Number of protein chains: 2
Amino acid sequence: MKQWVYKFSAEQTDGNKDMKALLGGKGANLAEMCSMKLSVPPGFTVSTEACLDFYKTNKEISKEIKDQVLESLSWVEKLTGKKFGDVENPLLFSVRSGARASMPGMMDTVLNLGLNDKTVQGIAKKTGNPRFAWDSYRRFIQMFSNVVLGVNTSHLESNLEDLKEARGVHEDTALTAADLEELVKVYKSVLLEDHGIVFPQDPMEQLWRSIGAVFGSWNNNRAMKYREMNNIPHDWGTAVNVQSMVFGNMGDTCATGVCFTRDPSTGEKKFFGEFLVNAQGEDVVAGIRTPQPINNDSKMESNKHHKTLEEVMPKAYADLVEDYKMLERHYKDMQDIEFTIENGKLWILQTRNAKRTVNAALKVAVDLVAEGMITEKEAILRISPEDLNQLLHPRLDPKAKKTLIATGLPASPGAASGQMVFTSAHAEEWHKAGKKVVLVRAETSPEDIGGMVASTGILTARGGMTSHAAVVARGMGKPCVAGCTALVINEKEKTLTVKGKVYKEGDYITFDGANGEVYEGVVPTIEASITADFATFMKWADGVRRLKVRTNADTPEDTKTAIQFGAQGIGLCRTEHMFFAPERILAVREMIFAENEKDRKKALDKLLPFQRSDFAGIFKELNGLPANIRLLDPPLHEFLPHSDKDQEELASALGINVKAVKERNDALHEFNPMLGHRGCRLAVTYPEIYLMQVRAIIEAAIDADKAGIKVLPEIMIPLITEVREYSMIKDECKAEIERVFKEKNHTVKYKMGTMLELPRACIMAGEIAKEVEFFSFGTNDLTQTTFGLSRDDAGKFLPSYTQKGIYPRDPFVSIDQDGVGFLMKHAVSEGKKTNAAVYAGICGEHGGEPQSVEFCHKIGLEYVSCSPFRVPIARLAAAQAALRN
Amino acid sequence: MKQWVYKFSAEQTDGNKDMKALLGGKGANLAEMCSMKLSVPPGFTVSTEACLDFYKTNKEISKEIKDQVLESLSWVEKLTGKKFGDVENPLLFSVRSGARASMPGMMDTVLNLGLNDKTVQGIAKKTGNPRFAWDSYRRFIQMFSNVVLGVNTSHLESNLEDLKEARGVHEDTALTAADLEELVKVYKSVLLEDHGIVFPQDPMEQLWRSIGAVFGSWNNNRAMKYREMNNIPHDWGTAVNVQSMVFGNMGDTCATGVCFTRDPSTGEKKFFGEFLVNAQGEDVVAGIRTPQPINNDSKMESNKHHKTLEEVMPKAYADLVEDYKMLERHYKDMQDIEFTIENGKLWILQTRNAKRTVNAALKVAVDLVAEGMITEKEAILRISPEDLNQLLHPRLDPKAKKTLIATGLPASPGAASGQMVFTSAHAEEWHKAGKKVVLVRAETSPEDIGGMVASTGILTARGGMTSHAAVVARGMGKPCVAGCTALVINEKEKTLTVKGKVYKEGDYITFDGANGEVYEGVVPTIEASITADFATFMKWADGVRRLKVRTNADTPEDTKTAIQFGAQGIGLCRTEHMFFAPERILAVREMIFAENEKDRKKALDKLLPFQRSDFAGIFKELNGLPANIRLLDPPLHEFLPHSDKDQEELASALGINVKAVKERNDALHEFNPMLGHRGCRLAVTYPEIYLMQVRAIIEAAIDADKAGIKVLPEIMIPLITEVREYSMIKDECKAEIERVFKEKNHTVKYKMGTMLELPRACIMAGEIAKEVEFFSFGTNDLTQTTFGLSRDDAGKFLPSYTQKGIYPRDPFVSIDQDGVGFLMKHAVSEGKKTNAAVYAGICGEHGGEPQSVEFCHKIGLEYVSCSPFRVPIARLAAAQAALRN
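The shown structure was predicted, so the numbers you read here are calculated from the model rather than taken from an experiment.

Cut-offs and rules
- Residues numbered from 1 in each chain as written.
- Chains lettered and ligands numbered in written order.
- Predicted model: local features only at pLDDT ≥ 70, side-chain atom pairs only at ≥ 80, totals over all residues.
- Heavy atoms only, no water.
- UniProt positions renumbered as here; feature names shortened; annotations may be inferred.
- Buried < 20%, exposed > 50% of the residue type's maximum accessible area, 1.4 Å probe, protein only.
- Contact = heavy atoms within 4.5 Å.
- Polar contact = N/O pair within 3.5 Å; in protein donor to acceptor, adjacent residues only side chain to side chain.
- Helix = DSSP H or I, 4+ residues; strand = E, 2+ residues; numbered from the N terminus.
- Buried area = accessible area lost by both parts, 1.4 Å probe.
- Salt bridge = Lys/Arg side-chain N within 4 Å of Asp/Glu carboxyl O.
- Nonpolar A, V, L, I, M, F, W, Y, C, P; charged D, E, K, R; others polar.
- Axes fitted to C-alpha atoms, helices over the stretch in contact; angles between N-to-C directions.
- Parallel < 35°, antiparallel > 145°, perpendicular 65-115°, else oblique.
- Left-handed = near helix turned anticlockwise from the far one by under 90°.
- Phe/Tyr/Trp six-rings, centres within 6.5 Å; stacked < 30°, edge-to-face > 60°.
- Lys NZ or Arg CZ within 6 Å of the ring centre and 35° of its normal.
- Least-squares fit on C-alpha atoms with pLDDT ≥ 70 in both.
- Pairing = 2+ DSSP bridges.
- Expected span 1.5 Å × (residues − 1).
- Bend = angle between axes of the 7 residues up to and from the residue.

Chemist: Looking at this structure, how should I read the UniProt feature "binding site: substrate" (unreviewed entry) in chain A?
Modeler: Residues and elements named next belong to chain A. According to UniProt, the feature "binding site: substrate" (unreviewed entry) maps to Arg574, Arg630, Glu757, Gly778, Thr779, Asn780 and Asp781 in the numbering used here. Overall, the relative accessible area of 1% leaves glutamate 757 in the buried class. Among residues more than four places away in sequence, those in contact with glutamate 757 are Asp633, Arg678, Pro718, Leu719, Gly778, Asp781, Leu782 and Thr785. From its side chain, glutamate 757 meets the backbone nitrogen of leucine 719 in a polar contact 2.6 Å long. Residue placement: aspartate 781 occurs in helix α30 (residues 779–787). For aspartate 781, a relative accessible area of 11% corresponds to the buried category.

Laid out in structure tokens, this is it:
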């Protein structure tokens with residue numbers, strides 16, 4: 001027979017801390033603490049498998065599980081000498097959820113289960129404390145009504161408030177036993193009259209329904225949402241912990257509290273906590289009374305005049321100190337501990353690794369190593385790479401009041417706050433006037449570059465994570481929220497309307513590019529701060545990782561930032577972004593309007609010095625680190641002007657009529673530009689474009705080399721589908737490079753390779769590898785084509801896909817290992833078969849996402865590349881990948 | 001040492017007819033005929049490998065090859081008793097190209113090689129026929145100048161014409177020896193004065209340069225074009241045949257001619273040919289004199305009064321009859337034979353399988369089986385499936401004069417001729433007035449359906465092979481040329497401009513949807529005719545094929561046509577095409593404009609009866625054959641009106657303002673609709689659409705079943721990427737079907753499955769197969785996503801890809817077996833592993849393309865599906881695939 005129920009007590013314990021998958025975090029740790037002989041009230045855990053069984057059997061608890069629960073229940077009765085439902089000496093239980101991953105506050109808890117109109121009398125009599133008995137009963141009715149009966153309990157709570165008002169008291173503790181008995185009657189009549197529910201008196205019915213309700217709470221809306229946000233699989237299920245009650249609400253020798261073994265906001269090594277006398281369960285968190293500090297170290301402005309636990313219950317405090325030290329030593333990590341003191345005796349109800357800010361986490365990790373508690377390698381695994389994001393960007397003050405007005409895509413991290421402007425012209429004007437502006441547009445285009453530079457952040461209503469706004473903002477390190485579809489932007493009237501409310505130009509707005517949230521007005525931000533602990537920690541991480549970490553950077557500035565963050569070269573330099581600058585775009589457009597190769601070359605000749613100087617700047621910053629430079633990738637129409645005004649300007653600049661400009665725009669229109677005339681396809685039809693680009697690269701490299709700066713250019717040809725396509729372009733580029741070598745009478749080393757960003761390129765990688773020196777996986781486009789899914793258009797349905805669990809994660813955020821990953825694995829293994837020396841990396845957005853970095857490690861890539869601000873995240877993820885695999 | 005040169009003569013022969021890859025067709029057959037002891041002038045073949053070597057070594061003939069040529073040359077000298085370059089008794093050669101596949105007229109030939117100012121005298125003396133000698137010499141200079149020296153020889157030819165005029169003669173044969181000697185002088189001086197070339201006198205130099213020129217001609221423009229059109233790989237190379245000359249121009253006992261063992265236009269069993277007395281080489285083809293019939297059977301209107309070969313040279317004719325019979329028996333196929341008669345003696349210079357019309361090919365194949373010459377299986381392999389196209393559609397009269405004005409994509413086969421109209425409204429109006437119209441548009445949209453129905457053909461300037469125009473036209477069986485980018489259409493002015501010439505509405509135009517060619521004015525067409533031989537032949541083909549052949553059909557009419565052509569069911573019924581009809585499109589738009597599920601359902605309820613009756617009609621035609629019905633696939637915006645007028649009409653029909661219509665249009669706009677909100681993604685967000693569709697299918701099926709008509713609906717969910725996506729939609733559809741069964745108290749059998757049209761679906765096929773009953777490969781979209789290549793946008797660069805040999809064939813025409821094929825093979829093998837019963841087919845455009853059909857056979861699909869008119873092609877291709885594999 002399968003074991004569905006696991007007992008825990010000082011006498012017998014079936015589980016341990018490593019059984020989180022089966023017992024949930026809380027259950028596993030309760031078992032562990034029992035083994036450690038801490039004072040833990042005995043009880044039992046109904047496993048997560050029982051939860052899955054519950055869903056399989058149409059939300060019924062099976063007979064086999066019920067039998068095991070009953071057997072465990074009588075075992076607890078024996079241990080405690082009390083009886084569940086007994087009128088004289090009733091055993092009461094808490095029923096709590098506990099999932100494999102911590103989901104704080106997401107699921108439900110019922111305390112004091114087993115109370116009814118009779119047992120409440122028994123408790124009153126036995127404890128000689130009727131106030132306590134009735135307080136517990138009214139709490140039980142409240143919680144059970146909410147959690148199990150599904151009643152909106154604000155009614156009940158307002159009855160409590162009414163009663164307090166009627167009695168002229170401020171705190172629950174001031175209510176008498178009679179008051180509370182009265183309140184129980186009111187509660188029961190509200191349930192009956194308003195909801196037609198007779199409050200169940202049978203303790204067994206209470207128990208079964210509570211277990212069912214906790215299982216059911218696994219799929220309540222807030223739990224589902226939480227799992228989606230935190231990438232927790234929906235099919236893990238929750239365990240249920242049924243534990244005998246101890247009481248913090250039996251009088252002034254009783255208390256309940258929460259403590260941390262170190263300071264959770266700073267990580268400092270000081271014992272920190274809060275407690276409430278004569279209180280139960282959620283009271284500390286609920287903020288009904290101001291909690292007291294457990295010791296002087298825990299005093300804050302709000303409670304510094306309150307007595308400490310150390311003062312009021314020194315014995316229990318001393319026991320708590322002994323216990324917290326034992327727990328931290330045992331778990332080798334900072335703990336978050338819940339305790340209850342019943343008539344002076346300390347009981348530990350829960351311990352878990354404490355949530356903490358990333359700065360605190362770094363400090364704790366570094367300190368624990370210094371204290372000899374953990375190794376450096378263990379420390380490395382303690383920090384979630386994604387959390388480093390908090391360190392690197394300014395962020396919204398978490399304590400500030402905020403009015404959320406909309407949520408878009410978190411396109412480029414960081415918080416931005418400023419006055420709204422609706423045109424790039426105004427952005428530049430206002431910026432010059434010393435104003436802090438946020439550029440708000442339906443979508444941006446290359447013409448907005450100036451406005452984007454002038455703004456503290458960019459907010460768009462349309463476009464996805466790879467839209468112009470998003471890509472350029474990430475490159476600039478500017479915060480950006482894109483595709484915020486709730487915004488209705490009228491660029492003519494210069495208004496922004498959200499949910500009926502109209503904002504005008506100059507109104508303040510704030511957004512957080514890390515989560516996509518947009519707020520009204522100014523929300524104060526906190527600057528990023530990098531600590532010595534961070535530096536120490538990252539050094540350890542760099543010591544263990546095998547993957548190199550490069551950056552996606554298009555400018556010397558980005559390159560510099562990335563190198564400061566530890567980048568080991570450029571993994572993707574997008575040459576086309578260099579085309580957008582105002583002084584260059586005209587030459588680009590001239591090239592597009594050229595009617596023949598000669599005119600095209602003339603326009604390209606104008607671009608050559610710009611490109612050369614771009615590369616010179618980048619080579620200087622890199623100072624010998626490799627630079628993977630991708631030749632022109634986007635379709636030419638991306639460079640054309642779209643507004644009438646801009647078209648007229650272009651026409652006059654080119655000396656042609658505006659009709660010709662419009663016609664060329666129309667002629668270049670594509671139904672599916674993503675799958676159109678772009679990448680190396682441009683080189684197949686207009687070879688001279690790439691020739692100008694390789695010339696610029698090699699001329700800059702030669703200049704740098706002559707000036708004593710080491711250079712390592714890697715020239716990357718994008719959008720390859722077939723080895724013959726690559727070879728032809730490679731041969732043309734190499735011939736041009738040889739011409740430059742001859743002209744300059746100087747050579748430099750360089751590499752040539754390709755981007756694998758289409759399914760066919762991955763399939764044919766064995767053939768392609770024979771001709772290249774490196775591969776770089778462009779997983780943005782590879783994901784788009786493998787799924788047949790345009791990232792810019794997916795906003796209308798992709799959320800449904802992750803919500804419904806069709807895709808466990810957004811494949812544009814974390815590599816789809818089954819599908820896209822299959823192609824990548826195939827490409828690496830086939831490629832290395834025919835060319836063992838082929839050097840492989842990734843330059844899609846996934847290169848900075850921890851799970852994707854681990855996948856890249858596992859399939860044997862040489863490096864990952866990501867935007868500058870994600871470099872530390874990738875470094876840590878790479879280290880963790882090396883340690884885990 | 002490698003053998004580069006292969007000898008042939010009655011005495012010794014190195015090759016045979018099966019060595020075409022190495023010796024080319026001509027060389028292999030010359031060797032074969034020598035083995036058969038036919039009278040073939042001795043010579044040798046320089047192999048195709050030598051040609052490839054020539055390109056590898058920078059267009060030099062290597063020493064090793066030269067040595068072998070010299071050795072073979074002296075062998076021929078010994079056999080013939082003549083000496084190359086000898087003044088007394090000179091040996092002359094013809095040098096001819098000969099590739100593995102016949103490329104008639106595409107490459108070059110030099111005759112009479114070895115003549116110079118001295119040997120011409122020797123020949124004159126030895127033959128006692130100075131006129132012949134000088135005629136041969138002037139011919140040699142002409143050919144050598146053209147082929148080897150690269151001189152435009154129209155000058156030389158006009159000198160010949162001038163001379164004829166000066167002498168007052170009409171035919172070359174009337175010129176005297178002195179005239180021709182004079183002409184040689186003129187030729188040489190033109191070469192020297194106009195081109196600075198001294199005509200080479202050294203026979204060895206003549207030989208090496210001629211061989212080099214023939215090798216070089218492999219890559220001349222017309223040869224490259226021909227190979228592209230005929231899918232002949234560029235890396236095969238050509239062989240060179242160096243053969244001792246025999247002469248048809250030595251006088252009236254000499255002749256040269258071409259004959260066919262049967263009639264090449266009808267296939268009738270009658271010996272057919274033409275010849276010229278006292279002529280050489282190309283004279284017969286060049287049309288300088290009217291050729292004479294070889295026998296009475298060969299007499300035509302133009303030459304019925306001429307003497308036959310049978311009459312003028314009865315002995316040689318008798319020998320020819322003996323030889324042709326031997327050759328046909330030997331090759332077991334109709335032959336095309338070139339011969340020369342030198343002083344009464346017959347020499348055979350070439351034999352090959354004769355080109356013929358498809359009707360002739362069918363007749364010959366069926367006759368040869370009847371004659372016991374070949375088996376039915378051999379007969380099946382004799383017809384190129386693609387050629388059947390000629391049989392099924394009206395086509396342009398090949399004898400008609402035509403003025404080609406542009407070439408577009410061959411989007412839907414058949415020839416169309418009529419008056420141009422530029423709007424659908426006019427198409428319908430003029431059609432009602434009894435006029436034959438061709439609808440000419442930039443591109444079509446669903447609103448054009450009426451106009452398309454009213455037209456004899458559709459011609460568009462934009463859009464690709466899967467554009468609206470193309471897909472709908474193929475469905476209707478209407479001829480269509482799409483993406484004809486040379487056309488500049490002004491719909492407002494109602495003009496069509498091509499290369500500066502302006503055509504107006506009402507002007508006549510003709511096009512051929514089978515090759516994309518567009519002609520000015522009316523070109524007469526010939527109706528299709530299906531013969532008894534065709535029926536016999538197809539019965540044989542059906543007897544051997546394993547693959548079933550279904551059709552892509554959306555209407556009862558198409559279904560009927562396809563079944564007449566032998567379709568075994570529907571492989572793809574696109575339900576959305578049913579939405580475009582005028583009386584339905586409003587309900588579709590109502591659905592799109594619905595703000596909630598309730599309004600959407602209301603609109604869908606209006607569509608239900610239409611869909612149900614569509615399916616009823618199709619089920620009736622199928623009468624028990626399976627019908628694979630794909631649920632809604634295109635993005636919703638495809639159904640919205642685009643012109644202001646249509647938007648206004650819609651607004652008033654829906655009782656909303658036109659601004660709302662425009663806004664909805666904008667909101668539904670997608671950057672890459674191909675990768676957007678379509679297919680099953682619509683069902684994930686709006687489940688009610690598919691539920692309406694399955695209800696319509698099942699209600700129609702039940703009605704049919706009750707009426708005694710057998711039904712086999714297969715419900716196909718498009719654009720799946722993931723098994724969970726499929727399962728969710730499948731479960732919803734099945735629940736709706738169960739509801740219909742209950743309501744009607746009647747059940748029918750049906751299947752549910754999916755389309756594999758995205759790389760990820762193929763990769764995950766093992767998982768997906770567990771949940772489906774069938775797979776159908778949607779190779780159009782699969783090709784687009786595997787290559788990252790939008791078919792509608794590829795027109796600007798894909799031609800360069802095939803021209804430059806990057807892609808051996810257009811992957812939208814023939815399945816890319818390496819890339820797309822890899823995914824298909826993977827999907828079939830993984831799918832059958834987890835579900836051996838999964839039934840797999842293909843429904844992309846490739847399903848009717850012979851090479852693709854063979855690939856489908858090889859990877860183990862159960863059926864192919866194609867448009868109605870391609871069903872016979874697919875049947876034959878499937879039969880050939882079965883025989884070959």
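Picking up after the structure, the text goes on.
Chemist: Teacher, can you tell me more about the interface of chain B and chain A here?
Modeler: In many reports, interface size means the accessible area that the parts give up when they come together. Contacts between chain B and chain A engage 50 residues on the former and 50 residues on the latter. In total, about 4,600 Å² of surface goes out of reach between chain B and chain A, with carbon and sulfur atoms giving 60% of it. Between the two partners, chain B and chain A, sit 2 salt bridges. When the shortest N-O distance is used, the salt bridge between arginine 760 of chain A and aspartate 816 of chain B registers 2.6 Å. Grouping the constituent residues of the side of chain B that touches chain A by class yields 22 nonpolar, 15 polar and 13 charged.

Chemist: Mind showing me how you'd approach the packing of helix α13 (residues 358–370) of chain B against helix α19 (residues 532–544) of chain B here?
Modeler: Between two packed helices, what matters for the description is the angle formed by their axes and the separation of those axes. All names here are of chain B. Closest axis-to-axis distance for the α13/α19 pair is 9 Å, and the angle between their directions is 65°. Between α13 and α19, the angle falls in the class roughly perpendicular. You can see that α13 and α19 cross each other, and the crossing is left-handed. Contact residues: α13 offers Leu362, Lys363, Val366 and Val369, while α19 offers Asp533, Phe534, Phe537 and Trp540.

Chemist: Sorry if this is basic, but what is going on with the environment of alanine 765 of chain B here?
Modeler: Residue and element names in this part refer to chain B. Residue position: alanine 765 is located in helix α29 (residues 765–769). In this structure alanine 765 comes out as buried when scored by relative accessible area, which is 0%. Put simply, alanine 765 and glutamate 447 are 318 residues apart on the chain and 38 Å apart in space, counted from C-alpha to C-alpha. Those residues in contact with alanine 765 that lie beyond four places of it in its chain are Leu756, Phe775, Ala827 and Gly831.

Chemist: I'm lost on the side chain of glutamate 849 of chain B in this one. Help?
Modeler: Residues and elements named next belong to chain B. Relative to the elements of secondary structure, glutamate 849 occurs in the loop between β32 (839–842) and α33 (850–858). Judged by its relative accessible area of 6%, glutamate 849 is buried. There is a polar contact of 3.1 Å between the side chain of glutamate 849 and the side chain of arginine 809. One polar contact links glutamate 849 to serine 852, side chain to side chain, over a distance of 2.5 Å. Dropping the residues within four chain positions of it, glutamate 849 is found in contact with Arg809, Val813, Ser814, Ile815 and Arg870.

Chemist: It is not clear to me how the packing of aromatic side chains should be interpreted in this structure. Could you clarify?
Modeler: Two descriptors summarise a pair of aromatic rings, namely the distance from one centre to the other and the angle between the planes of the rings. Within this structure, the stated rule accounts for 42 aromatic pairs over all chains. A cation over an aromatic ring shows up here: arginine 550 of chain A above the ring of tyrosine 863 of chain A, its NZ or CZ 4.1 Å from the ring centre. Looking at lysine 345 of chain B, its charged tip hangs above the ring of tryptophan 347 of chain B, at a distance of 4.7 Å from the centre.

Chemist: I'm lost on the pattern of salt bridges in this one. Help?
Modeler: Two side chains of opposite charge can pair, provided their charged atoms sit close to one another. Under the definition given, this model contains 112 salt bridges over all chains. Close ionic contact of glutamate 49 of chain A with lysine 2 of chain A constitutes a salt bridge, the shortest N to O distance being 3.2 Å. Remark: lysine 2 of chain A occurs in the segment before β1 (5–8) and glutamate 49 of chain A occurs in helix α2 (residues 48–56); sequence separation between them is 47 residues. Take lysine 2 of chain A: its relative accessible area is 40%, and that puts it in the partly exposed class. We note a salt bridge from aspartate 614 of chain B to arginine 584 of chain B, for which the minimum N-O separation is 2.5 Å.

Chemist: I'm lost on the relation of the copies chain B and chain A in this one. Help?
Modeler: These two copies of the chain differ by a rotation about an axis and a displacement along the same axis. Once chain B has been moved 0.0 Å along the axis and rotated by 179°, it coincides with chain A to within an RMSD of 0.2 Å. Taken together, these values place the two copies in the relation of a two-fold axis. Relative to the rotation axis, the C-alpha of asparagine 672 of chain B is the closest in chain B, positioned 2.1 Å from it. The overlap is high: 100% of the interface residues of chain B also sit at the interface in chain A, so the same surface is used on both sides.

Chemist: It is not clear to me how the packing of helix α5 (residues 130–147) of chain A against helix α8 (residues 203–217) of chain A should be interpreted in this structure. Could you clarify?
Modeler: Residue and element names in this part refer to chain A. α8 packs onto α5 with a crossing angle of 50° between their chain directions and a minimal axis gap of 10 Å. With respect to α8, the element α5 is oriented oblique. For the crossing formed where α5 meets α8, the hand is left-handed. Of the residues in α8, those in contact with Phe140, Phe144 and Val147 of α5 are Gln206, Arg209, Ser210 and Ala213.

Chemist: It is not clear to me how the sheet that holds strand β6 (residues 109–113) of chain A should be interpreted in this structure. Could you clarify?
Modeler: Where strands meet in a sheet, backbone hydrogen bonds hold them as pairs that are either parallel or antiparallel. Residue and element names in this part refer to chain A. Within the open sheet, the 5 strands sit side by side as β1-β2-β7-β5-β6. Their pairing is antiparallel. The sheet is open, and its two edges are formed by β1 and β6, each paired on a single side. This sheet shows a mean twist of 20° between the axes of neighbouring strands, independent of strand direction. Sheet topology note: the strand β2 (residues 43–46)/strand β7 (residues 238–244) ladder contains 4 bridges and is antiparallel. Looking across to β7, one finds that threonine 45 is bridged to asparagine 241.

Chemist: In this structure, what is going on with helix α1 (residues 20–35) of chain B? I would like to understand it.
Modeler: Note that an α-helix has 3.6 residues per turn; residues three or four places apart therefore point the same way. Residues and elements named next belong to chain B. With 16 residues, α1 should reach 22 Å at 1.5 Å per residue; the first-to-last C-alpha distance of 16 Å falls well below that figure. Lysine 26 marks the point of greatest bend in α1, at about 80°. Burial within α1 is extensive, with 13 of its 16 residues counted as buried. Of the residues trailing α1, lysine 37 is marked for its positive phi of about 65°.

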